[in-house]
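A closer look at the structure
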Amino acid sequence: MQSTDLGNKESGKLWHRKPSPAARDGIIVNIIHSSSDYLPKVLRFLNVAFDSSGDCLIAGDHQGNIYVFDLYGNRFNLVQRTAQACTALAFNLRRKSEFLVALADYSIKCFDSVTKELVSWMRGHESSVFSISVHASGRYAITTSSDTAQLWDLDTFQRKRKLNILQSVGIQKVFFLPLSNTILSCFKDNSIFAWECDTLSCKYQLPAPPESSSVLYKVFAVTRDGRILAAGGKSNHLHLWCLEAKQLFRIIQMPTKVRAIRHLEFLPDSFDAGSNQVLGVLSQDGIMRFVNIQTCKLLFEIGSLDEGISSSVISPHERYIASIMENGSLNIYSVQALTQEINKPPPPLVKVIEDLPKSKLNSGGLKMKVTSGRVQRPAKSRENKIQARILKQDLTGNFENKENEVSDGLNKKRLQILLKGYGEYPTKYRMFIWRSLLQLPENHTAFSSLVDKGVHVAFLNLQKKYPIKSRKLLRVLQRTLSALAHWSAIFSDTPYLPLLAFPFVKLFQNNQLICFEVVATLIINWCQHWFEYFPNPPINILSMIENVLAFHDKELLQHFIDHDITSQLYAWPLLETVFSEVLTREEWLKLFDNVFSNHPSFLLMTVVAYNTCSRAPLLSCSLRDDFEYFFHHRNNLDISVVIREVYHLMDTTPTDIHPNGKLDAFVALTKGQYPVFNQYPKFIVDYQTRERERIRNDELDFLRERQMVEDMQAEVDQQRVEDEAWYQKQELLRKAEETRREMLLQEEEKMVQQRQRLASVKRELRAKEMQLQDATRRRFLKLQQDQREMELRRLNDEIERKVHMRDQEIATTAKDLEMRHLELESQKRLYEKNLIRNQEAVAKEMREDADTYRRKVDLEEHMFHKLIEAGQTQNQKTQKWEEAKEKDFHLKSEKKASALSDASRKWFLEKELDDALEHAEHPYNTVPRCQSGQAASGYVPRTSQLKDSSEVDSSTHISLNQRRVQWDTMEQDLMERVRNLRQRLTAQARNRCRTPHLLAT
C-alpha cells in the first residue's frame, strides 16, 4: 500500500510507482494531509465526491482546503482554500469543471476547479447543510439541512422552491432518484414522500414499516434504475422498498456485530442495467460490508476495527471506492481487486474427458452427450462395461490456441462450444460475455471528450425523423450518434446509422460508454467495406451475399431476378437494421450471441440463411411491395433454424466465394484512445460535407429570411389583429357609451322623480317638524310658567320666612343691645374710676420721681465736691455715672407716659364704641352722640387732663410729645375705620327699611 502526504504542496503525483492493490485490502493509495507547523498535525478530510466520469474526485478537510484528485492522470491539485470547514460536496454538475461546496457558515458556493474562481454564492439556509443532491441532467441541485430543503437552478443559481417543515419532525435526507425527475424526501418520523421535480406535486407516499421490525431510518440508498430503496438506522435490520410497487419487499438482518448502520451505498455494475445487486453497509464498528441483496451473502468488506471508516463514496462506474478513515486520512480502494474472487467467470459447463489408452479403448461403445451443468457418462454396452473418468480441466491450455483467449480469462472456443450446445448464452452472464468477446477497452476519458463536444448538428432534429416515445432513450441515442459523428465525420452523413445503433442503445441505455464501444466495435469488424461506395449501399458486400445465395439457392435468386428484386431489397434492409426489424428482442439477442462469437462474415451468412429459410413465402411473392413488406416486418420464422443454417453455410460455402476470405479477422478497439476510422472515400464525404454545409448555410439563410418574412407577416397580422381588436373595442366602447348614456338619462329621470318625492317628503317632514316645534314650544312655555309660579310661591314663602326670622333677630338683637348697653355703662363707669385712679397714681409717682431726682441731684453735688477732693481722676467716672442715671430717669419717665397714653386710648375706644352702638340703635338720628353729650359723659379734653403734669421735667415733656404724636396718628386711623363701619350700618338699615315696599310691589 502506497501512502502520500500532501503537506503544503498545491499539486503533485498521487503515487510514484504503479499501484498494485492486493486482493486482501484492495487499497490503491492512502492520502494524508499533515500541516507543516513546528508541531505537525493531521488535517482531517471531512467530505469526498466523485465526478460523472468516476476518474476524478474532490475532497475537503476541516480547514477548508479542497483538493481534486485525478486517479487516471495520477495528479492532485489544490483548487480552493475556503478558510472554513466544508459540510457537503458535489462534483457531478453539468459543467464538468465546476463543483458545489457547503460551508460551516450555512452558505453554498460554486467554484471552478480549472480557473479556481468563485462562480456563485448561494445563501438561504439557517443551519448546517449536510447533503447536496444533483439532478441527472446537472441542472438542478437540492441542498438539505435539518430544518429545510431547497431546490436550486444551477444555470442561474437561483432558489426555485423551499421545503419547510415542523421543527418536531425534522428532515433526514432529500435527494433526486437516479435518471429520473423524482425527488425523494425522508423525514425523521419515517415518512417518505416522492415528488415530481417539475411541478413539485406529490406522486406517492410509502406506507409505514411493520411494527415487528420498526427502524428509525437515518441513512438511505437507491439503485441506479431507481426501483429499490434501501433504508437503515440504529438497528441491524435493513429494509428494502420496491418504489414501483410502493411496498416493503425484504428485510435483511445484518450480523450481530452490527448494532447501527451509518451509511449505505449501492455498488454499480455495468451489466446489470442499473438494478444494482450489491449494497455496501457501513456499521458503527467502522467496517463497510458489501452484501448481495438477492442472495443475502456477504461478499467482501473494507476497513477494520483498528482502521475504521467514517464515510465512503463509490465511483459511478464501479472502479474506485473513496473512504474517509476515522484517523482523518483518505483511502482509495480498487473495486476490481476487491471483487476479483467473486467476479471470476463461472466454471465451464463442459468438462474435458481424456481418452483411454488404445489398449483399453473400445471404439464402438463410447458415446458422449453434453448437457447443462454436467457431462453425462457414455452409455454402457451390453457386451462389456467401460468406465469413463471426469478429469480436471487442463489449466495450462496447451491444446488451446492463443487467438482463442479473450479478456477476463474466458476462452472463445469453449464459449462457441457452449453456444452450439445451448443456442445462446445465459441471460445473467450475456453482457459480461459480450464485453469479454468484444474486448471493450472502456476508455472513459476518450468517450467523455467525445460527449463533451455536445450534440452534433446532424442529429439536432433527430426526434423529427425518429419520434421515440421515451425521451430518455431519445437522449441516449442522440448522444451516442453524436459521439460516433465526432469520432468519424462519415457517421454524420450515414442515413442508416440510427437504425444500426438503436437496438444497442435500447439494450445499453443505462451505460452509454459500453453502448458506444459496442457500436464502434460492430462498425469496425462486422461493417467492413460498408463505406467504400458511400453514399451508395456497399455493392461489394451485397455482391458477396448474392454469390453465396446463387451457390446455395439458385432458384430463389432467379425468382428475385425475374421480379427485378436486387440485393438492395432482400439483403440491405436486414444489414442496415442488423435484423432488429424482423426479429423480436429474444431472437435478436440469441442471434447476436452467435454473431459476436464468430467471424465477421457470420453476419453476411445470416442474411443468406434468412432468405433461404424463408424461400417458401418469398417464392410465393410477386409484387415489389410484398417483398419490401417482408424484409421490413417480423415473420413467422424460427431463429434457431436460421442460426443452424448459418453454421451450415459457413461450413459448406466454397472458399472462392466465402466472405471469410475477403473480410479481416476481429480487431478490438485500442485502449486509451479510439482508433482512427477512415475506411471511406474521403473526397466524397468531404464534398458531401461541404455541400451539406453549403446547403445548411443556404437553408439557414432561407430560414432566417423566412423567419424574417414570417416575423414581418406575424407583425402585420398582429397589427391587423390589434387594429381589428382596437376597432372592435372602439365600437364596443361606443355602444357601451350609448348604453351608459341611456342608462344615465334613465337614472337622471329616476333621480328627478326621487328628488320630487324627496322634496314632498321634506315638506311633510318640515310641517310635522314645525308642528312638533310649536307643540314643544307651548309645552316648554307652560312648563316654564309653572316653574316660575312655583318659584314665586317659593320666593314668597322664603320672604315670609325671612321677615319672620328678621323680626325675631331684631327683637333678639334689641334685647342683646340693651344688655350690652348696660354692660358698657357699667364698664364705662368702672373705666372712668380706674382712669382717675391711674392718673392720680401717675401724677403722684411723677412727683415722687421729681423729688427723688432733686434729692439725687443734691446728693450728687455733695458727692461731687467730695470727689473733687479725691482727685481729678474720678471726674470722668462721676460724669459717666450721671449720664447713666439721667438715661435711667428718662426711660422710667417714658414708660410712665406710655402707660398714661394707653389708658387714654382705651378710654377713647370705649367712647367711640358706645357712640357706634347708639347710632346702630337710632339709625335715623344724624347727630352723633359723641358730639351732643360730651359734657354729660364727663369727657375731659386731653389738654385739661395733662395740665396736672406740668411739673414734669422738660426732658420728660419732650418724650411725651413724641408719643402723643404717634398716638394721634393711630387715633385718626381708628376714627376713619369707625366712620366706615357707621356708613355700612346706615346703608344696611336703609335697605331693610326699603325691602317691604319692594315686596308689596
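First, a word on what this report is: a plain description of the structure on this page. Source: prediction; values computed, not measured.

Notes on unusual backbone geometry
Positioned with a positive phi, Lys116 is a non-glycine residue whose angle comes to about 60 degrees. Topologically, Lys116 is positioned in the loop between β10 (108-112) and β11 (118-122). Take Lys116: its relative accessible area is 39%, and that puts it in the partly exposed class. In this structure, Glu318 is a non-glycine residue whose phi angle is positive, near 60 degrees.

Concerning helix α7 (residues 497-507)
Residues separated by three or four positions in an α-helix point in the same direction, a consequence of the helix having 3.6 residues per turn. Counting buried positions along α7 gives eight out of 11 residues, so the element sits mostly inside the fold. For α7, the full list of buried residues reads Leu497, Pro498, Leu500, Ala501, Pro503, Phe504, Val505 and Leu507. Where the residues of α7 are buried, they touch α3 (430-438), α5 (462-465), α6 (471-487), α8 (512-526), α12 (572-576) and α13 (585-595).

Some thoughts on the sheet that holds strand β13 (residues 140-145)
The strand order β12-β13-β14-β15 describes an open sheet built from four strands, whose pairing is antiparallel. Each edge of the sheet is formed by a strand with only one pairing partner; in this case those strands are β12 (129-134) and β15 (158-164). Strand after strand, the sheet turns through a mean of 20 degrees between neighbouring axes, direction not considered.

Here's the deal with the pairing of β13
The buried count for β13 comes to six of six residues, which makes it a mostly enclosed element. Residues of β13 alternate between two faces, with Tyr140, Ile142 and Thr144 on one and Ala141, Thr143 and Ser145 on the opposite face, all of them buried. Relative to β13, β12 runs antiparallel, the two being bridged by five bridges. Residue Ser131 lies in a different strand from β13, and its bridge partner there is Thr144. What sits between β12 and β13 in their antiparallel hairpin is a turn of five residues, with Gly138 showing a positive phi close to 80 degrees. In terms of strand pairing, β13 meets strand β14 (residues 148-153) through five bridges, oriented antiparallel. Directly across from Thr144, in β14, lies its bridge partner Ala149.

Re the packing of α7 against α8
Running from N to C, α7 and α8 cross one another at 130 degrees; their axes reach a closest spacing of 10 Å. One element, α7, and the other, α8, form an angle in the oblique class. Along this stretch, α7 crosses α8, giving a crossing that reads as right-handed. Across the interface between the two elements, Leu497, Leu500, Ala501, Phe504 and Val505 of α7 pack against Cys515, Val518, Val519, Leu522 and Ile523 of α8.

The rules behind the values
Residues numbered from 1 in each chain as written. Predicted model: local features only at pLDDT ≥ 70, side-chain atom pairs only at ≥ 80, totals over all residues. Heavy atoms only, no water. Helix = DSSP H or I, 4+ residues; strand = E, 2+ residues; numbered from the N terminus. Buried < 20%, exposed > 50% of the residue type's maximum accessible area, 1.4 Å probe, protein only. Contact = heavy atoms within 4.5 Å. Pairing = 2+ DSSP bridges. Axes fitted to C-alpha atoms, helices over the stretch in contact; angles between N-to-C directions. Parallel < 35°, antiparallel > 145°, perpendicular 65-115°, else oblique. Left-handed = near helix turned anticlockwise from the far one by under 90°.

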